[in-house]
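# Analysis of the macromolecular model
The primary structure of each chain is shown beneath.
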Amino acid sequence: MHIQKLPAEPRVQSGFPVEQLYGVDGKTLRVDIEWKVIEMFLAGATPTIDAVQAALRTHQPEIERVVQARLFAQGFPLSNDLVLTPADFGAAAAR
């Protein structure tokens, strides 16, 4: 399985999921990252657009591992949409 982040600027609005696009074996997958995950990535920093984009870049390998694990476990979603929650990033994140 080949996963590649597609170039797109994420829409950042506090309290709403942040969307990223991925190419997965020739298909486009929309990945919505819940705001609680973004807060976890920010670790208390003010959620400005620049801070959120920097946090997403820093955690990109982890996000891709979670996407790959979910696709292996559940297959490619028919809706072409995948929602990532704090539980996807481990027990400590789900608190």
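Structure first, text after, so check above.
As the structure is a prediction and not an experimental result, all values here were calculated from the model.

Attention now moves to the side chain of R70. Note that R70 resides in helix α3 (residues 60-74). Within the structure, R70 has its side chain in polar contact with the backbone oxygen of V83 (distance 3.0 Å).

Taken as a whole, this structure holds one aromatic pair when the rule is applied. Considering the side-chain rings of F41 and F89, the 5.4 Å spacing of their centres and the 90 degrees angle between planes classify their relative orientation as edge-to-face. With a gap of 48 residues between them, F41 in helix α1 (residues 35-42) and F89 in the segment after β4 (81-84) connect regions that are remote in the sequence. Across this residue pair, the class does not change: F41 and F89 are buried. Note that K27 overlies the ring of F76, its terminal NZ or CZ placed 4.9 Å from the centroid.

Another point: the environment of Y22. Topologically, Y22 is positioned in strand β2 (residues 18-24). By relative accessible area, which is 0% here, Y22 ends up buried. Residues contacting Y22, with those up to four places away along its chain left out, are I3, Q4, K5, L6, K27, T28, L29, V31, Q60, I63 and E64. A distance of 2.9 Å separates a polar atom in the side chain of Y22 from a polar atom in the side chain of Q20.

One finds V31, I33, I38, V52, I63, V67 and L84 to be the most contacted residues of the largest nonpolar core, which totals 24 residues. Of all the elements in the fold, those that place two or more residues in this core are β2, β3 (27-33), α1, α2 (49-58), α3 and β4. At five residues, the largest contribution of residues to this core is made by α1. Not counting the four nearest positions on each side in its chain, V31 is found in contact with V18, E19, Q20, Y22, V67, L82 and L84.

This part is about the side chain of Q20. If you trace the backbone, Q20 turns up in strand β2. Apart from residues lying up to four places away in sequence, Q20 is in contact with K5, L29, R30, V31, I33, L56, Q60 and I63.

Looking now at unusual backbone geometry. The phi dihedral of D25 is positive, around 50 degrees, even though this residue is not glycine. Residue position: D25 is located in the loop between β2 and β3. In this structure, N80 is a non-glycine residue whose phi angle is positive, near 60 degrees. The class for N80 is partly exposed, based on a relative accessible area of 35%.

The rules behind the values
Residues numbered from 1 in each chain as written. Predicted model: local features only at pLDDT ≥ 70, side-chain atom pairs only at ≥ 80, totals over all residues. Heavy atoms only, no water. Helix = DSSP H or I, 4+ residues; strand = E, 2+ residues; numbered from the N terminus. Polar contact = N/O pair within 3.5 Å; in protein donor to acceptor, adjacent residues only side chain to side chain. Phe/Tyr/Trp six-rings, centres within 6.5 Å; stacked < 30°, edge-to-face > 60°. Buried < 20%, exposed > 50% of the residue type's maximum accessible area, 1.4 Å probe, protein only. Lys NZ or Arg CZ within 6 Å of the ring centre and 35° of its normal. Contact = heavy atoms within 4.5 Å. Core = buried A, V, L, I, M, F, W, Y, C linked by side-chain atoms within 4.5 Å.

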